[in-house]
Amino acid sequence: MSESFEESPESGANEPIASSTSSPDLSEPKVRAEAPLALVETAFLASTASLIWLVNYYFPLGPLLRIFFSVPIALVYLRWGNRAAWMGALVSGLLLSVLMGPPRSIQFFIPYGLLGVLLGACWRRQTSWAVSIGLGTLLGSIGFFFRFWLLSILLGEDVWVYIITQVTQMLEWVFVKLGLLIEPSLLVIQAIAVGMVLLSNLVYLFVVHLAAWLLLERLGNPIPPPPNWVQVLVDYDE
């Protein structure tokens, strides 16, 4: 009986030692829990980007929703890096391919899916607005001409001719109002059309940066600050 009472304190004394040795193992699931969290957030934000595109297609609200086409993918890049952002862009394209067909999904992926990855990379590397807006304008313009090329193939007509016709009519109206008897050449008209595409994408990227700057900071993933004149323009106080 005495031996049994002597063993019980020893067993109780060993319990803290066993708990201390096993305590470091309790921190491992916390590190491993980031992988499913990244997967869930990537899937959620990818479906959000697809839903914004889907709602804007069937219930167009002007440029309001178009501003946020690329923001969910860029947010994935800010939170989880390059691989997760590419997965989010591809999942958005695949989801839209099921819901709306491959042509519509391609029009989302190029340029908005790629634009989300590009903007996320620029914002995570803290590049200036001039660099990210310039690269985004170039990519957006390439995506614009790609969509026109794709539509021309699907419709069997050259859609670019329609743009040239609209630009020609606009220039003729301007020249008539100014009292100028000038007939611009086809090369000049095409150059003006390309310039208008670049200008529209430049304005679009600036608005996207402004919306992301005001929104993502409140979500805990701020982007690089804008130039001082932009902060003064919106009366931003740090």
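Residues numbered from 1 in each chain as written. Predicted model: local features only at pLDDT ≥ 70, side-chain atom pairs only at ≥ 80, totals over all residues. Heavy atoms only, no water.

## Structural notes on the overall build of the protein chain
For step 1, the next point in the chain: Check the secondary structure of the protein chain and you find 11 helices and zero strands.
For step 2, the next point in the chain: Listed by position from the N terminus, the elements making up the protein chain come as α-α-α-α-α-α-α-α-α-α-α.
For step 3, the next point in the chain: Per-residue burial for the protein chain yields a buried fraction of 37% across its 238 residues.
For step 4, the next point in the chain: Partitioning the contacts of the protein chain with sequence separation of at least 6, the portion at a separation of at least 24 is 70%.
For step 5, the next point in the chain: Working note: accessible area of the protein chain is about 14,600 Å², and carbon and sulfur atoms make up 69% of it. (Helix = DSSP H or I, 4+ residues; strand = E, 2+ residues; numbered from the N terminus. Buried < 20%, exposed > 50% of the residue type's maximum accessible area, 1.4 Å probe, protein only. Contact = heavy atoms within 4.5 Å. Areas by Shrake-Rupley, 256 points an atom, 1.4 Å probe, with all protein chains shown as cover.)

## Quick look at the pattern of salt bridges
When the charged atoms of two side chains lie near each other, side chains of opposite charge can form a pair.
For step 1, the next point in the chain: Under the counting rule described, the total for this entry stands at one salt bridge.
For step 2, the next point in the chain: For Glu41, the salt bridge goes to Arg79, with nearest N and O atoms at 2.6 Å. Taken together, the residues span a long stretch of sequence, with Glu41 in helix α3 (residues 34–58) and Arg79 in helix α5 (residues 71–80) at a distance of 38 residues.
For step 3, the next point in the chain: Assessed through its relative accessible area of 18%, Glu41 is described here as buried. (Salt bridge = Lys/Arg side-chain N within 4 Å of Asp/Glu carboxyl O.)

## Observations concerning α3
For step 1, the next point in the chain: The terminal C-alpha atoms of α3 lie 36 Å apart, and with 25 residues this matches the ideal 36 Å at 1.5 Å per residue to within 8%.
For step 2, the next point in the chain: Residues of α3 that are buried include every one of Ala38, Glu41, Thr42, Leu45, Ala46, Ala49, Ser50, Ile52, Trp53 and Asn56, and no others.
For step 3, the next point in the chain: Buried residues along α3 sit in contact with α4 (63–66), α5, α6 (82–100) and α7 (102–124). (Expected span 1.5 Å × (residues − 1).)

## As for helix α10 (residues 186–216)
For step 1, the next point in the chain: Across its 31 residues, α10 extends 44 Å between first and last C-alpha, which sits within 8% of the 45 Å expected from 1.5 Å per residue.
For step 2, the next point in the chain: Elements in contact with the buried residues of α10: α4, α5, α7, α8 (129–155), α9 (159–178) and α11 (228–233).

## Notes on the packing of aromatic side chains
The way to describe two aromatic rings as a pair is by their centre distance and the angle between their planes.
For step 1, the next point in the chain: A full pass over the atoms with the stated rule returns 13 aromatic pairs.
For step 2, the next point in the chain: A ring pair is formed by Trp129 and Phe206, whose centres lie 6.3 Å apart and whose planes are at 75°; its orientation type is edge-to-face. Of this pair, Trp129 sits in helix α8 while Phe206 sits in helix α10, and the two are 77 residues apart along the sequence.
For step 3, the next point in the chain: Since its relative accessible area comes to 4%, Trp129 is described here as buried.
For step 4, the next point in the chain: What links up through ring pairs into an aromatic cluster is the set Trp53, Phe69, Phe108, Tyr112 and Tyr204.
For step 5, the next point in the chain: For the cation-ring pair, Arg66 lies above Tyr204, with the distance from its terminal atom to the ring centre recorded as 4.2 Å. (Phe/Tyr/Trp six-rings, centres within 6.5 Å; stacked < 30°, edge-to-face > 60°. Lys NZ or Arg CZ within 6 Å of the ring centre and 35° of its normal.)

## Observations regarding the nonpolar core
Proteins that are soluble and globular tend to have nonpolar side chains buried together.
For step 1, the next point in the chain: Membership of the largest hydrophobic core comes to 39 residues, with the highest contact counts inside it found for Trp53, Leu119, Trp123, Tyr204, Leu216 and Ile223.
For step 2, the next point in the chain: The set of elements that each furnish at least two residues to this core consists of α3, α5, α6, α7, α8 and α10.
For step 3, the next point in the chain: Here this core gets eight residues from one element, more than from any other, and that element is α7.
For step 4, the next point in the chain: What Tyr204 contacts, discounting residues up to four positions off in sequence, is Arg66, Ile67, Phe69, Tyr112 and Leu115.
For step 5, the next point in the chain: Membership of the second largest hydrophobic core comes to 12 residues, among which are Ile163, Ile164, Val167 and Ile189. (Core = buried A, V, L, I, M, F, W, Y, C linked by side-chain atoms within 4.5 Å.)

## Quick notes on the packing of α7 against α8
For step 1, the next point in the chain: One way to put it is that α7 packs onto α8 with a least axis distance of 10 Å and a crossing angle of 170°. Comparing the axis directions of α7 and α8 gives the class roughly antiparallel. Together, Pro103, Ile106, Gln107, Ile110, Pro111, Tyr112, Leu114, Leu115, Leu118, Leu119, Cys122 and Trp123 of α7 and Ser132, Leu135, Gly136, Leu139, Gly140, Gly143, Phe146, Arg147, Leu150, Leu151 and Leu154 of α8 make up the contact between the two elements.
For step 2, the next point in the chain: The residue inventory of the contact of α7 with α8, partitioned by class, reads 17 nonpolar, five polar and one charged. (Axes fitted to C-alpha atoms, helices over the stretch in contact; angles between N-to-C directions. Parallel < 35°, antiparallel > 145°, perpendicular 65-115°, else oblique. Nonpolar A, V, L, I, M, F, W, Y, C, P; charged D, E, K, R; others polar.)

## A short note on the confidence of the model for the protein chain
For step 1, the next point in the chain: Scored by pLDDT, the protein chain has a mean of 84; 85% of the residues are at 70 or more.
For step 2, the next point in the chain: Predicted confidence in the protein chain is weakest over helix α1 (residues 2–22), with a mean pLDDT of 45, and strongest over α5, with 95.
For step 3, the next point in the chain: Segment residues 1–31: pLDDT under 50, and zero contacts once partners within four positions in sequence are set aside and those in other chains are kept. (pLDDT = per-residue confidence, 0-100.)

## Side note on unusual backbone geometry
Peptide bonds are trans in most cases, and residues, glycine excluded, mostly fall at negative phi.
For step 1, the next point in the chain: Here the amide bond leading from Ile110 into Pro111 is cis, since omega sits at 15°, within 30 degrees of zero.
For step 2, the next point in the chain: Tracing the backbone through its elements, the reader meets Pro111 in helix α7.
For step 3, the next point in the chain: With a phi close to 60°, Gln126 is a non-glycine residue in the positive phi region.
For step 4, the next point in the chain: Here Gln126 is to be found in the loop between α7 and α8.

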